Structures are given as structure tokens and as C-alpha cells.
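Now for the letters of each chain:
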Amino acid sequence: METVMSVNEPVVNEPTSLVMPRRRVIGAYLEEARSECLRYMRAPGFMLPIMLFPGMFYLLFGVFMAKSEGADAARYLLASYGVFGVMSPGLFGFGVSLALERDGGLLTFKRALPMPPGAYLLGKMLMAMAAAAVVILLLLVMALTLGHVTLNLAQAGALLLTGMLGVLPFCALGMFVGTLIKGQGAPGMLQLIYLPMSFMSGLWMPLPLLPKFLQQIAPVWPSYHLDRLALAAVGLDQQPLLPHVLVLIGFAAGFLLLAARRLRRNG
Amino acid sequence: MPHTPDPITRDPIARLDGVVKRYGRLTALDGADLRLQRGELLALLGPNGAGKTTAIGLLLGLIRADAGTVELFGQDPQRIEARRRIGVMLQNAELPPTLRVGELLRLTASYYPAPRTLAETAELAGVSDLLKRPYAKLSGGQQRRVQFALALCGRPELLFLDEPTVGMDIEARQKLWAAIRQLLAEGCSVLLTTHYLEEAEALADRVCVMTHGRMIHEGTVEALRARVALKRIRCLSTLSIDTVRGWPEVSEVRRDNERLHITAAEAEVVVRRLLVADLQLRELEVQRAGLAEAFTELTRDADEASDTDQREAA
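Each chain carries its own residue numbering, running from 1 in the written order of its sequence. As a convention, the first chain written is A and the first ligand written is 1, with the rest following in written order. Residue-level local features of this predicted model are given only where pLDDT is at least 70; pairs of side-chain atoms are given and counted only at 80 or more, and the full residue set underlies all totals for whole chains, interfaces and linings.

### Some details on the packing of helix 4 (residues 101-109) of chain B against helix 6 (residues 140-152) of chain B
Residue and element names in this part refer to chain B. Basically, it comes down to this: Note on definitions: angles span 0 to 180 degrees between N-to-C directions of axes, and those axes are lines fitted to C-alpha atoms, for helices only across the stretch in contact. Counting from the N terminus, the helices are the DSSP runs of H or I reaching at least four residues and the strands are the DSSP runs of E reaching at least two. Roughly parallel means an angle under 35 degrees; roughly antiparallel means over 145; roughly perpendicular covers 65 to 115; every other angle is labelled oblique. Note: crossing handedness is left-handed where the near helix turns anticlockwise from the far helix by less than a right angle, and right-handed where it turns clockwise. Two residues qualify as being in contact provided that their C-beta atoms, derived from the backbone, are within 7 Å of each other. When residue character is reported, Ala, Val, Leu, Ile, Met, Phe, Trp, Tyr, Cys and Pro are called nonpolar, Asp, Glu, Lys and Arg charged, and the others, Gly included, polar.
Relative to each other, helix 4 and helix 6 sit at 25°, their axes nearing to 9 Å. Taken together, helix 4 and helix 6 sit at an angle that is classed as roughly parallel. Both helix 4 and helix 6 take part in a crossing whose hand is right-handed. Judged by residue contacts, Val-101, Leu-104, Leu-105 and Thr-108 of helix 4 engage Val-146, Ala-149 and Leu-150 from helix 6. Considered class by class, the residues forming the contact of helix 4 with helix 6 number six nonpolar, one polar and no charged.

Here it is, written out as C-alpha cells:
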């Protein structure tokens, strides 16, 4: 399958071995995504906090403390903590890894290699989606067994899909922060975004319980819009979904463009 | 139809032509010229801050020149088609720690149109016994070998090796040199930067010496050495340093226990004097100065020249 070309021969035409068949280009994208997933699924320092925090919060507030409030509370918190859990692989998986790889020289090395354009970002995106799926599945299992929440298959599937696609705007935000800060400063900065934003979007306690001012500015946060979608997925919100979807797409596109511009300029 | 491929093959496969690169007020490259021919190993030498890393970065398409031409296989290095023909080993690249060596090789090979098989790459770079190990568990020297394997896995026509043997012990270094020679024998070209002059001496067809963002010498290792006329003389002698230092032909002398180390332009004259002055003299050795002395002298001259320029400008 491999053509060995003798380099001593005069190279008049482009040697056939230099043409990259489309099959191999697609293969390169797949390899990149596979490596990125393998690499983070094997890193307990990355996976454990991502799974433990939403898992523990849900167990505490959604399962034990919501017992008196009925199954609807457990259902409501499944959506909210699901969104809370989905945000972190986006923000940290993308932002922290980009910041570290810019610092450690891996990004420079990859840019020097003939890696297909976008494979690096696509690989990280798929990794974040896979991690988001793991978090949602974990919460679903807890909700259905310990929380006595009843969901039909379509609702569970809708929540999973919301989580996997909903991670993307946070990937874009994480990527932007990763281009601003190099190295070890990024995790702290991302925590400063992650925790207040979760709180102010009503992910920890329902929005109506928050001060009036926070309720009014909640639509500023992408996590608020993702929460509306997640609530609709589990059957708790009947409002139209399209505005929220559009806001999230706009948010993702905006930060992606900003980050791409910074990456091109500063590497 | 008769074909004359000569001019095509003689085209350099990597070229810098009057390249200027500034970082703010600092001029990293100031009219740099470089030509790399097919099949040769060119060593790029120079003190820290001479502009070697910038030159490599331009040829890899990592940065853009402010002026001048940068070409890789006659193309802009930022084109992926040009980079599919190169292999890269950078000075510091922290590879994903949890991936196994075999997985890293498989990933990097997937970027190339006709890569080597995993077994062939591993054999050439001497990492066959490491394939199943996570990258983070390797020693520094083993990690360098893996990085070398990543550089050659795509069956490149041109290999960029930036300080490849830093952190390697002597045996590992010799093995890497052997692998580089094998690649050269297969027709691969290499652009090498190194701090170890013996490495350039052992491997290079040509050396290119840089300081202050310019190439100050380009030629064979022999030609570079010949630019420095100095010879090294060593012997066991009871003569005092002061006596020898008094001789006009001697440019430098030091004593290391019983052994005298003399540097002189005209070794024959000094040797004659030595033999006359000390009848008990033993273990006489005369050597041409190595690349290290030539390099030091060249860069010192360039430093002095640039100092004079600055004084004149002031």
C-alpha cells in the first residue's frame, strides 16, 4: 500500500505519494479526535472533578433534599445540574488544555506538522461532547434510580442531546479564555467564570428564589438559555425553544471567531 | 522528448532570501539567507539569540517574515502541501502525557500521505520497546527518542531537528547520529540546529554560522575549520608558562598539572623552540583547531564588528 519513492531521482512532477487521498485526510481527523478522547478519559485529574461536582450536588440537593418536594423537584434539578455538569468539560476541557498546550509547545509542534486544518479544535470539541455525555448519563442514572424521576426514552434522549450539543458554546468561551491566558493561570480564571455564571443562571437554586436583579440579567448568560432547553427536554418548560437555540449559536460563533482571530495573531 | 531535470533538482528545497523578522524593537533576523539542497545535512550554528529559532520558525510556517522570501519546496511553508514533506523535532514540545508511544506515532503518521509503518519507525528511532508505555512514564532521553520517531514517521524528504540530542547520554546520542546517517543515506535532507559542535562535525555536510540575525559563514566543516589557522599543541614539559608565553608565535598557553596546552598559529616554529628548550619533553601532540575554536573566533569577530558599527553610529 505504500509507495516508496527514491528521492535521488529527479523530481519532475509531483510524486504521487505526496497527494493526500481524501480517505487519509478523514482518517487524520478521526485519529486526532480519538487521541484527544483517549488522552482525557485516561486523566483522572480531568474526569473526576467533571463528574464528581455535578454528581455530588445532584445527590445532595436533587435526591436527598428534594425528597420532600416531590419528583418534580428532582426532575427540575436534573436539568439544572445537567447544565452545570456540561459546562465544565467545555470550559475546562477546551480552555485549560489550550492554555497549557500553548504554554508547553504542543500547539506550536502541531502547527508545524501537516495536521489538517481544524483537526485540533474538532478533536477537542468531540472530546468535550463525549465528556458531556458521560456527565449527563451519570446524572440520568442517579435520577432514574435514586431520585425516582420518571422520564420516557425520548425525554432522556433529548436531555442527552441537549447536553452534548450544549457543551459547544462553552467550548468556544473556554477557547477564548485559553487564548487570553497561558499556562497555569487559566483554571483559576475559568473557575471565576464557571461558578458565578452557574449561580446567576439559576443552576444551583431556581431563579425565582434569587434576587430580582439577578433574575432580570439572567438572559445574559448562555447557561440560562441552555437551562431552558434542558428543562424543556425533561418536560418542564413549554415556551418556544428557538430563541434560546439562536442565542446559544450566536454566542458560540462569536467567541469562536474572537478566539480564532487571537490564535491566528498570537499563536 | 529529452528532459533536463538538472535545474529542478538543484533548486534548494528550503530557502530564506533576505529575510527580516522583527519582534517589536528587537530585530531577530536582519537579512538572513539560507539554502538547503536535496540530500544534504546543513547544521545551523550560532550563540543564543542569534536567530536560529526564528529562522526555523519561518521555514515551518509558524511565523511570517516582515520582508524577504521564505520557501519550502518552492512553496509558502504555511501551505499544508509543503509541510506534508517535512518531519519536525522541536526543542520543547510537551506531548500528551497519558497517550502511549504507539498511539502518538499512529496519530502523527495519520497526517502524512505515505507514512512508514509503525514497526519501521520504531526500529529506526530505537523505540520498539517503548510502544506500549505512556509518554509521561519515559525518561528525558527516551522522550527525545520518541520525538525523533515522530519526526521521521511520515517518511519526510526534509527533517527539521532542533537541538535533537539535548538531555541524551553519549550512547543514545551515538545511536541517534547513526539513525540520522541512515536517513541521509536514503536521500532525506536534514536541517539541524545544535549547541554541540562535535555533533555538527560528526554529521554535517555544510555548516551555517549565524549571529545577530545574519549568516556570517556558510561552507563545509573543513572550510570553516580552515578559516581558523590556529593549532593546538600539548606536551609534558617542565618549562614555565611565562617562558612559553614570551615567544611571539604563541597566542595562548595554560598548564594543567604537568601538561602544557599551547595555542599557536605557526605550530612548527613553536614545536622547534619547545624541543630545543626542553630536552626532557614528552608526549608531544599537535592538532588542528576544532570547530569549537573556529566557531568562537568567528562569532567573536562578528561581535567586535557589530560593536564597532554601533560606536561609529553613535
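There is more to say after this.
### Digging into the confidence of the model for chain B
Residue and element names in this part refer to chain B. For clarity, the cut-off: What pLDDT reports is the predictor's confidence in each residue, on a scale of 0 through 100.
In this model, chain B carries a mean pLDDT of 87, and residues with pLDDT of at least 70 account for 92%. For the stretch residues 1-8, pLDDT sits under 50, and the model shows six contacts to residues farther than four places along the chain or on other chains. Reported for the predicted complex are a pTM of 0.82 and an ipTM of 0.83.

### A short note on the sheet that holds strand 6 (residues 158-162) of chain B
All names here are of chain B. What counts, and what does not: Two strands pair if DSSP finds at least two bridges between them.
Taken in spatial order, the six strands line up as 5-6-7-3-8-9 in an open sheet, and their pairing is mixed. A strand with exactly one partner marks an edge of an open sheet, and here the two such strands are strand 5 (86-89) and strand 9 (214-220). Averaged over neighbouring strand pairs, the angle between their axes works out to 15° when direction is ignored. Note that strand 8 (residues 206-211) and strand 9 share six bridges and pair antiparallel. For Val-209, the partnering residue across the bridge sits in strand 9 and is His-217.

### As for the nonpolar core
Soluble globular proteins tend to bury their nonpolar side chains together. Which entries qualify depends on this criterion: By our criterion, buried Ala, Val, Leu, Ile, Met, Phe, Trp, Tyr and Cys residues that link up through C-beta atoms within 7 Å make up a nonpolar core. Exposure is read from a count of other C-beta atoms within 10 Å of each residue's own; the residue is exposed at 12 or fewer, buried at 20 or more and partly exposed in between. C-beta atoms are placed from the backbone.
In terms of nonpolar packing, the biggest core is built from 82 residues, with Val-88 and Ala-149 of chain B touching the most fellow members. Broken down by element, this core gets its largest block of residues, six residues, from helix 6 of chain B. If we ignore the near neighbours within four places in the chain, the residues touching Ala-149 of chain B are Leu-105, Thr-121, Ala-122, Ala-125 and Val-127 of chain B. Tyr-58, Met-129, Ala-132 and Leu-173 of chain A belong to the second-largest nonpolar core, a separate cluster that totals 63 residues.

### Details of the environment of Ala-226 of chain B
On the secondary structure map, Ala-226 of chain B appears in helix 9 (residues 221-226). Separated by 55 residues in the primary sequence, Ala-226 of chain B and Leu-281 of chain B have C-alpha atoms spaced 29 Å apart.

### Structural notes on unusual backbone geometry
A negative phi holds for most residues other than glycine; trans holds for most peptide bonds. For His-212 of chain B, which is not glycine, the phi torsion reads 45° and is therefore positive. For His-212 of chain B, the position within the fold is in the loop between strand 8 and strand 9.

### Examining the packing of helix 2 (residues 44-64) of chain A against helix 5 (residues 119-145) of chain A
All names here are of chain A. Where helix 2 contacts helix 5, the two axes come as close as 10 Å, and the packing angle between them is 25°. Considered as vectors, helix 2 and helix 5 are oriented roughly parallel to each other. Here helix 2 and helix 5 pass one another in a crossing that is right-handed. In contact with Ile-50, Met-51, Pro-54, Gly-55, Tyr-58, Leu-59 and Val-63 of helix 2, helix 5 contributes Ala-131, Val-134, Val-135, Leu-138, Leu-139 and Met-142. Classifying every residue of the contact of helix 2 with helix 5 gives 12 nonpolar, one polar and no charged.

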